[in-house]
Amino acid sequence: LAAHGSHHNAQSSLPARRHAAAIRARGGFDQVAALFWKEFPALGDLPYLVDCSDVTIVPFFMAEGYFSRRVVPRELGLDGALTARDGVLYRYTAAVGAHPRLAEVIARRAKAALGDDGPPPEEVALVVVGHGTVQNPRSKDTVLGHVAALQGAGFAEVAAAFLEEPPHVADIPAVVGAESVVIVPLFVADGRHTAEDMPRDLGLSRCGD
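The structure reproduced in this document is the subject of the present report. Since this is a predicted model, take the numbers as computed values, not measurements. (Residues numbered from 1 in each chain as written. Predicted model: local features only at pLDDT ≥ 70, side-chain atom pairs only at ≥ 80, totals over all residues. Heavy atoms only, no water.)

So, the overall build of the chain
- Along its length, the chain carries 7 helices and 8 strands.
- The C-alpha radius of gyration of the chain comes to 18 Å, within 12% of the 17 Å expected for a compact globule of 209 residues.
- By its C-alpha atoms, the chain is 60 × 35 × 30 Å across when sized along the principal axes.
- Taking the contacts inside the chain whose residues are at least 6 apart along the sequence as the reference set, 66% of them involve residues at least 24 apart.
- When the accessible surface of the chain is totalled, it reaches about 11,500 Å², and 52% of it is carbon and sulfur. (Helix = DSSP H or I, 4+ residues; strand = E, 2+ residues; numbered from the N terminus. Rg over C-alpha atoms; globule rule 2.2 N^0.38 Å. Contact = heavy atoms within 4.5 Å. Areas by Shrake-Rupley, 256 points an atom, 1.4 Å probe, with all protein chains shown as cover.)

Quick look at the structure:
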């Protein structure tokens, strides 16, 4: 698993490490490792940590964007979906967040947040928040694809917002018209973006408000 990690929040790498441990426990692979852009073990440590001749690298990101399409391939010296080097075949997959069934997970998470005492989904706007970046215009496409898939999920409205490109998180009140809004952050971990940046931009005291 090729993940981001963080110098600022130790919780950021936990999901990748836990997923690697869970996959390892299931068996079926000779080795399973999680490597990081901002933590150790680093992406560049791959040749020293894995000694298999066939390696599948899964970008542990929520969007097909700057990191999954540029940073990880650059750091690992990948030429595309298949790279043969020094007797090793490297296979590079799509980012986990691009899986089409993730829209179902988003819908379940949103409905769970409403609870039994909340308004029905048909009276609620669902906003999916992604990172976004001006460095790669494709970064938002994954979020927009999930938003499109969720249009028939029973919510009054479904929209997208982003941290680093418009519409921004702070623009959510102007983006949707429903009085009740449930926001699902499309991030790998409960790190700085979900615990600090988004609540600040929305004027919330904490996530879950």
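Side note on the sheet that holds strand E6 (residues 124-130)
- Across the sheet, which stays open at both edges, the 3 strands sit in the order E7-E6-E8 with parallel pairing between neighbours. Only two strands of the sheet have a single neighbouring strand rather than two, namely strand E7 (157-162) and strand E8 (180-185). The sheet shows a mean angle of 25° between the axes of neighbouring strands, taken without regard to direction.
- Where helix H4 (residues 102-114) meets the sheet, it contacts E6 and E8, and its direction lies at approximately 135° from that of E8.
- Of the strands in this sheet, E6 and E7 touch helix H5 (residues 141-149), which is tilted by about 170° from E7. (Pairing = 2+ DSSP bridges. Axes fitted to C-alpha atoms, helices over the stretch in contact; angles between N-to-C directions.)

As for the environment of Gly87
- Following the sequence through the fold, Gly87 ends up in the loop between strand E4 (82-85) and strand E5 (88-92).
- C-alpha separation for the pair Gly87 and Gly132, spaced 45 residues apart in sequence, amounts to 37 Å.

Regarding H5
- For H5, every residue scored as buried is listed here: Thr142, Val143, His146 and Val147. Buried positions in H5, seen along its axis, are confined to an arc of 140° and lie on one side of it. Away from its buried face, by an angle of more than 90 degrees, H5 presents the exposed residues Ala148 and Ala149.
- Those residues of H5 that are buried are in contact with H4, E6 and E7. (Buried < 20%, exposed > 50% of the residue type's maximum accessible area, 1.4 Å probe, protein only. Arc of directions from axis to C-beta.)

What to know about the side chain of Glu165
- Note that Glu165 resides in the loop between E7 and helix H6 (172-175).
- A polar contact of 2.9 Å, which involves the side chain of Glu165, links it to the backbone nitrogen of Thr133.
- With sequence-adjacent residues up to four places away left out, Glu165 is seen in contact with Gly132, Thr133 and Lys140. (Polar contact = N/O pair within 3.5 Å; in protein donor to acceptor, adjacent residues only side chain to side chain.)

A look at the sheet that holds E4
- Judged by pairing direction, the sheet is mixed, and its 3 strands sit side by side in the order E3-E5-E4 without closing on themselves. Two strands close off the open sheet at either side, each with one partner strand: strand E3 (54-57) and E4. Averaged over all neighbouring strand pairs, the angle between strand axes comes to 20°, with direction disregarded.
- Bridging between E3 and E5 involves 4 bridges; their strand directions are parallel. Bridge pairing in E5 links Val55 to Tyr90.
- Each of E3, E4 and E5 touches helix H3 (residues 66-76); the most contacted strand, E5, lies at about 170° to it.

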